[in-house]
Structure formats: structure tokens, C-alpha cells
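Coordinate analysis (summary)
Each chain, letter by letter, is given below.
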Amino acid sequence: MSRPASEPPGGVDLAIDAAWTARILTAFLRDEISRTGLGRAVVGLSGGLDSAVTAYLLARALGPGAVRAILMPHRASSPGSLRDARRVVAALGIASEEVDISGMVDGFERVTGEVDRLRLGNVMARCRMIVLYDRSARDRALVVGTSNKTELLLGYGTLYGDMASAVNPIGDLYKTQVRQLARHLGVPAAILRKRPSADLWPDQTDEDELGFHYEEVDRVLTLLVDRRVSLRTAVRRGFDRRLVRRVDGLVVRSQFKRRLPVVAKVSTRSIGWDFRYPRDWRS
Amino acid sequence: MKTVRVALAQTAPKLGDVDANLATHLEAIARARREHAGVVVFPELSLTGYLLRDQVPDVALAVGAASLRKLAAACRDVDAVVGFVEEAPGHRYHNALAYLARGRVRHVHRKVYLPTYGMFDEGRDFAPGERLRAFDAPFGRAGLLVCEDAWHPTSAWLLAQEGAEVVIVASSGPSRGARPRQGVTSIRVWQELLRVTARFQTAWVVYVNRVGFEDGLNFGGGSMVLDPFGRTAAELGPVDTGWTVAELDGEVLRRARTAYPLLRDENLELVRRELDRVRRVRYDLPDDEPDDRR
């Protein structure tokens, strides 16, 4: 079966209408933040694409005066990250604050003993969460999340760390789509160009660590998650069998990260089962 | 039908807050009167919001409830279609629409098709309606549908068979993102569906969909009016609340039904015969089984 030249790989077109998507997401932020009775937001700005896009959306939604970016470098972070984060702050005219978390992380290790690189990465992500939630309480502002759909589905994030937030505008956009939105919003080219990284240790990149490219994994995820095709069909569409299996395994194994803790049902009306209210209950 | 001006109130109901929504409705009814509209149409569950779940019994209203009486009282010289949770006898809760006219509740439609798949869970919270009936509105024959009802072609067809000249569809339809060349995807889908509905039934179609967010669910808006030829007579955009008044010209309906006498030519007896046969096969009924099987 021949395929027309214009057809995207695997028959998966990841293109979004960035202008309308931006309008929906800014309306979402305005609506969900104002209904909590707070009109302000704090966001952790890493210098990467996702948090930059989130900050741009927030500035549009609430006005730059209602947004505070918290820049939280660690001494292992790339200096380029801080520079890029500052660039976003300057471009948007939002308030910002720099909190070096090296001392917090050192303190943790001093008290509990040294931890390996992966655990240290989690500790760093959770130190940042502590800072964000503290600033949220201080400023009466909501913590806005910056996890995209790719990382949420793969579980490539720290539970109660970077995955912690009150609202998240980009959690239903794949990384490839966040990039399209970034272009539309005018995110600085330096941020658009660089390779995605959790920046937890020098020269770390998501794609090296995960072992695949976002363009490809986003297409596989679209097939498996959005279109609900079988693994076999995904392979028939031209994707590597090992990649498809691996993606499927990551999604299944990280399900716990996308749910509240499991509560044992021992009463007539239990949280998570038959106590059914939306998050926006009476707001 | 008489020519009638219809106001489309594309609102963002406040979830679970009947009093706040009641106030919005009264303002919109007053505006409709000022703008010489004959009818103002609100979205599905306009008095309560959509994602109610366990709040359904908390916001439910009997047809005689004070809130509805208050709204009806405001509808002495302008009609309104409002969405609410009806608490019917036996404490059955329905996703319902009321047609208010001349100070009274003139007609109630209970949503027949409750979507319970994908992101929807309405069958869990509501009882399905069991009637699809047209009724006499002050301007002519009308029929009401709620969202998913319109996805079953028999719904508008039955209403038109009973004489409906205007089919009013109230909706809380979510959007599913925006794609290149399509914009907000849900709007195009509804446009296609309703255009076909208007053409097949040679009827005016009024569609009012809500906007706003509930738990991140974005309601798509895109309310519209299609004439009996399927042409767009009025439309509102996505995302934002909106308001427009469209004139539904009785003369256009006459022209469409003269040019395309589809309703005249419908063979009800044939449909009934074939439907009976399909029923007998589907439910394995004997040939002489009477028609009142439940």
C-alpha cells in the first residue's frame, strides 16, 4: 500500500491550531484560577520550553502583574538554563525571584546521608516543589504546573516534585505540540532550539535518557492512547517494535503517578469511589 | 409558522449554583425583551452547570419549584428555553429543558439519549427521558432536543413528523482542541450534523452550546442557527460567552418545504411496517405480538 508523500509518519498528524489552542488555554487559566478566589499564579521557570510556554500563557491570561516566576537553580544546573529563564522574565515583564536550592539539597544529604544521582534528581524536584508551594501560600497565588502530556504519560517526572501543581495548562499537549504553541507565543528562539532536559545533572537530555525522540514517541503515544490502536497496529504503521513495547510498558507502569493514592474502602461512601464531586465543586 | 426572533444566550453557567444562574437568566430574559426577541434559548443544564455528579439531587427542581416559577413569571411577553435538573415523581432525575411562555411552563423535554462513554457519564446520574414530542409554541410548532439527542437522526425526524418547524437543540458540548484549517474541532462537527438535520427535516434549527470550563473540560460554544435549506443564519464563536438574535422567517420555511417536499413524501406506514419487522427480528417476537411490548 503506497502512501501519499504528504502523509505524516505512521498516519499521525500532530499539528495543532496554535492560535485557538492558546485562546482556549488562556481562558482555562483565567477561569480555573479566578474561581479559586485567587487571581495570581506562581510558576517554576527552568529555562526550558514547557515552563516558558506556561509563563507566556499565564502572562496572557492574568496579565504580567499577576504572575511570579520562581527560578530555582542548583549548582549542578546548566548556567544556560538560568540565562534563558531570565530571558523569559524580561520578555514578559513578570515578577521573578531566584532561589538557589543547593543549600536545601545539601542539607537533605547532610541529614539523611548521600543519595545516588536518580534519587538526588527527585530530591531536587521536591525541593523546588516546597519553594513553589511556600510562595503560593505567601502570595496567595496558585501553583501552575508545567508537565506536558508526553512526560505525564511516560511517567517522566517526579511525583510530588515537578508533577505537583494546582492547574496545568499544557498537560494535554504532547511535547511536539508544546513546541508549536511556543512558536506561536513568541518564546525566545534560544529556548525553542535547545534539546529538552530535566537539567538534574550536567549534559542530561530527555531524549538520551529516554532513548527515543519526542517526535517519534509522540506519534506512538497518539496511536496507543488517543486512538487506542493495538500494539501490533502501531508496529504495522512503521514504528519499531521495541519502541512500541517500551512506550506501552512505561505508560502502564507509571499509572500510579497520575492518580491520587489508593484508599481502602471500608465505609459506605469513600473518596475515589462513591464520593463523586468535580474538583471545581462549589467554586 | 410565524416569523420569530430568537436570541441565543451562549452562557457559562456557574457549577452547582442555581441562584447565581437564575440571576443570569433573568438578565438575559430582560435583554431579549429589550431587543424584541420572541424567544431566548439557553444551553443544556443552564441553571446548574454540567459536571454535577453527586450534586444532581442538590440542584434538582420539580417542575413546580419556586425557581422555575420565578423564571416563568419573567416570561410573560418573551419565551425562554432553559436547562435544568428535573426531579420527577419517584425521585428520578432528568437532564431536562423547559419551554417557558406566557408565565407558565409550556413544555418539558427530558434528554432521551444520555451519553455514557468516553468522557461522559450521564447514564450514571440521570434517568433517560421516554418521550419525543413536538408542541405548540406561540410562533408555531417546535421541538426540543438536548445535545446527544441530536446525534440520533430519529429524534429530529420524529419531531418533524409531528409538525415541528423549529428544532431547538440545547447543549453542553465539550471541545477537543483545535486543529489547523478546522479551528476548534467540535464546532465543525456540530455544523455538519445540524446542517444535515435542517436539510433532512426542512426545519429551522437553533443550537445553543455553552462555554466555560469545569475541571479543565472546555465547553465549545459555537451556537448557531441554520435555516430549513441548511444555510447558516447566525453563529457565535468558541471559548467566549456570546449573544445574538436571529430572525426565523416563516416564509423561508414555506419556500424550503415547497422546494423540497420531503416531509410530505415521507411514508410513515412503510417506516412503521419495516420497524415492526425489525423489532420482531431483533427481540425475537412472534409475528402476532401486539405493539405495546415494553
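Structure shown above.
Fair warning: this is a prediction, and the values are worked out from it, not measured in the lab. (Residues numbered from 1 in each chain as written. Chains lettered and ligands numbered in written order. Predicted model: local features only at pLDDT ≥ 70, side-chain atom pairs only at ≥ 80, totals over all residues.)

Some points on the nonpolar core
Where we set the bar: Buried Ala, Val, Leu, Ile, Met, Phe, Trp, Tyr and Cys residues form a nonpolar core when they are connected through C-beta atoms within 7 Å. Here exposure depends only on C-beta density: within 10 Å of a residue's C-beta, 20 or more other C-beta atoms make it buried, 12 or fewer make it exposed, and intermediate numbers make it partly exposed, the C-beta atoms being placed from the backbone. Helical segments are the DSSP runs of H or I of at least four residues, strand segments are the runs of E of at least two, and each set is numbered from the N terminus. Residue pairs qualify as contacts under a 7 Å threshold applied to their C-beta atoms, which are placed from the backbone.
Membership of the largest hydrophobic core comes to 153 residues, with the highest contact counts inside it found for Ala55 of chain A together with Val41 of chain B. Among the elements that take part in this core, helix 2 (residues 49-62) of chain A stands out by supplying ten residues, more than any other. With residues near it in sequence (within four places) discarded, Val41 of chain B still touches Val6, Leu8, Ala9, Val81, Ile168, Ala170, Val206 and Val208 of chain B.

Concerning helix 7 (residues 175-185) of chain A
Count 3.6 residues to each turn of an α-helix, and residues three or four apart come out pointing the same way. Residues and elements named next belong to chain A. Within helix 7, burial applies to Lys175, Thr176, Gln177, Val178, Arg179, Leu181 and Ala182. Of the surrounding elements, those touching the buried residues of helix 7 are helix 1 (18-34), helix 2, helix 6 (149-154), helix 8 (189-193) and helix 10 (214-226). Gly186 lies just past helix 7 and shows a positive phi near 85°.

Quick notes on the sheet that holds strand 1 (residues 41-44) of chain A
Basically, it comes down to this: Paired strands are those between which DSSP finds at least two bridges.
A sheet is described by the order of its strands in space; here four strands give the open sequence 3-2-1-4 (chain A), paired in parallel fashion. The outermost strands of the open sheet, each flanked by one partner alone, are strand 3 (95-98) and strand 4 (142-143) of chain A.

Notes on the pairing of strand 5 (residues 104-110) of chain B
Side-chain direction in a regular strand flips from residue to residue, so the side chains alternate between the two faces of the sheet. All names here are of chain B. Inspection of the sheet shows strand 4 (residues 92-101) paired to strand 5 by six bridges, in the antiparallel sense. Bridge assignment links Tyr99 to a residue of strand 5, and that residue is His107. Linking strand 4 back to strand 5 in an antiparallel pair, the connection comprises two residues, with Arg102 at a positive phi of about 50°.

Points about the sheet that holds strand 11 (residues 204-209) of chain B
All names here are of chain B. Selection criterion: Here, axes are lines fitted to C-alpha atoms. For helices the fit covers the stretch in contact, and angles between N-to-C directions go from 0 to 180 degrees.
Strand order across the open sheet formed by six strands is 6-7-8-11-14-15, with mixed pairing between neighbours. In this open sheet, the two strands that pair with only one neighbour each are strand 6 (135-137) and strand 15 (232-235). Adjacent strand axes in the sheet meet at a mean angle of 25°, parallel and antiparallel pairs treated alike. Relative to strand 14 (residues 224-226), strand 11 runs antiparallel, the two being bridged by three bridges. Counterpart to Val206 in the pairing with strand 14 is Val225.

Considering helix 3 (residues 66-74) of chain B
All names here are of chain B. To keep it simple, the criterion reads: Note that the arc is computed from the directions linking the helix axis to the C-beta atoms.
When we look at burial in helix 3, the residues that qualify are Leu68, Leu71 and Ala72. In a view along the axis of helix 3, the buried residues occupy a sector of 100°, so they form one face of it. In helix 3, the exposed positions angled more than 90 degrees off the buried face are occupied by Ala66, Lys70 and Ala73. Where helix 3 is buried, its residues touch helix 1 (18-34), strand 3 (79-88), strand 4 and strand 5.

A short note on the interface of chain B and chain A
Rules: In this count, Pro and Cys sit with the nonpolar residues alongside Ala, Val, Leu, Ile, Met, Phe, Trp and Tyr, while Asp, Glu, Lys and Arg are called charged and the others, Gly among them, polar.
Taken together, the contact pairs 21 residues of chain B with 18 residues of chain A. Those elements giving two or more residues to the side of chain B that touches chain A turn out to be strand 9 (178-179), strand 10 (183-184) and strand 12 (213-214) of chain B. When grouped by side-chain class, the residues that make up the side of chain B that touches chain A number seven nonpolar, nine polar and five charged.

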